[in-house]
Amino acid sequence: MKRATRKKIGSLIASTVLIMLASKNVATAPPPVLPNPVLYMMGSEFFQTGTKSFTRYVFDVLNKNDYPAEIFAAAPNLPPCGTNTKSSRTWVDFYDQRGKRLYGFCALPNPDKLTGIWFAVETDVVPPSYVYIEMTDRQTGTKYRSNLADTTL
């Protein structure tokens, strides 16, 4: 085999290997980085269950439109939420300013449902001064933590 032919074959093999390595990196690129949620209080409302009275603190996420619908899709391949085997890929949990979990949502079907998320305490209990949410994408393990939002208007 001529030296020029061997050189061309060597270059072709090297180019093929480089293309394969480059395409591997593209295929395993991390998901796009999403912003942290911007939480704000919309209001509060009173309700009663049985003989107990509660205050529900209602919130919205200002930048909910920045989140793709697919991160809220039903995820039957992931662990269930109680008996709900079709809970969403992303769960949303409320925490007080010290990190104590207050309440959570595991079946929001799309980002629009971030309007009206809430937690409640008995009416005679002083609520936390500030709360935040964590949105956990269970498929990627990514957590998005909001700002601290005031619980008074």
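Bear in mind the structure is a predicted one, so any value in this text is a computation, not a measurement.

1. So, the packing of aromatic side chains
- One pass over the structure, following the stated rule, counts ten aromatic pairs.
- Ring centres 6.1 Å apart and planes at 25° place the aromatic pair phenylalanine 59 and phenylalanine 119 in the stacked group. Of the two residues, phenylalanine 59 is situated in strand S2 (residues 52-61) and phenylalanine 119 in strand S5 (residues 117-122); the sequence distance between them amounts to 60 residues.
- For phenylalanine 119, a relative accessible area of 0% translates into the label buried.
- Aromatic pair tyrosine 103 and phenylalanine 105: ring centres 5.3 Å apart, planes at 85°, arrangement edge-to-face.
- What makes tyrosine 103 partly exposed here is its relative accessible area of 33%.
- With a relative accessible area of 15%, phenylalanine 105 lands in the buried category.
- Counting every residue linked through ring pairs, the aromatic cluster contains Tyr57, Phe59, Phe94 and Phe119.

2. Here we look at the sheet that holds S2
- With antiparallel pairing, the three strands of this open sheet are ordered in space as S1-S2-S5. Looking along the sheet, the strands with just one partner apiece sit at the ends: strand S1 (39-49) and S5. Strand-to-strand twist in this sheet, taken as the mean axis angle between neighbours without regard to direction, amounts to 25°.
- Examined bridge by bridge, S1 and S2 share ten bridges and lie antiparallel to one another. In the strand pairing of S2, glycine 43 is matched with valine 58.

3. Side note on the pattern of salt bridges
- The full count for this structure, using the stated rule, is six salt bridges.
- A salt bridge links lysine 52 to glutamate 122; its shortest N-O distance comes to 3.7 Å. Separated by 70 residues along the polypeptide, lysine 52 in strand S2 and glutamate 122 in strand S5 bring together distant segments of the chain.
- Looking at lysine 52, the relative accessible area reads 42%, which means it is partly exposed.
- Judged by relative accessible area, glutamate 122 falls into the partly exposed class, the value being 29%.

4. Observations concerning the pairing of strand S7 (residues 142-145)
- Here four bridges tie strand S6 (residues 130-137) to S7, and the two strands are oriented antiparallel to one another. Looking at S7, one finds that glutamate 134 is bridged to arginine 145.
- Counting the residues between successive antiparallel strands, the hairpin from S6 to S7 contains four residues, one of them, glycine 141, with a positive phi of roughly 80°.

5. Some remarks on the pairing of S5
- Residue alternation in S5 divides its side chains into a buried set, Ile117, Phe119 and Val121, and an unburied set, Trp118, Ala120 and Glu122.
- As paired strands, S2 and S5 are joined by six bridges and run antiparallel to one another. Looking across to S5, one finds that phenylalanine 59 is bridged to isoleucine 117.

6. Section: the state of the cysteines
- For the coordinates displayed, the defined rule picks out one disulfide.
- There is a disulfide in this structure between cysteine 81 and cysteine 106, and the S-S distance comes to 2.0 Å. Here the disulfide of cysteine 81 and cysteine 106 is left-handed, its torsion about the S-S bond being about -80°. One end of the pair, cysteine 81, is in the loop between S2 and strand S3 (90-96); the other, cysteine 106, is in the loop between strand S4 (101-105) and S5, and 25 residues separate them in sequence.
- For cysteine 106, a relative accessible area of 16% puts it in the buried group.

Cut-offs used in this document
- Residues numbered from 1 in each chain as written.
- Predicted model: local features only at pLDDT ≥ 70, side-chain atom pairs only at ≥ 80, totals over all residues.
- Heavy atoms only, no water.
- Phe/Tyr/Trp six-rings, centres within 6.5 Å; stacked < 30°, edge-to-face > 60°.
- Helix = DSSP H or I, 4+ residues; strand = E, 2+ residues; numbered from the N terminus.
- Buried < 20%, exposed > 50% of the residue type's maximum accessible area, 1.4 Å probe, protein only.
- Pairing = 2+ DSSP bridges.
- Axes fitted to C-alpha atoms, helices over the stretch in contact; angles between N-to-C directions.
- Salt bridge = Lys/Arg side-chain N within 4 Å of Asp/Glu carboxyl O.
- Disulfide = S-S within 2.5 Å.

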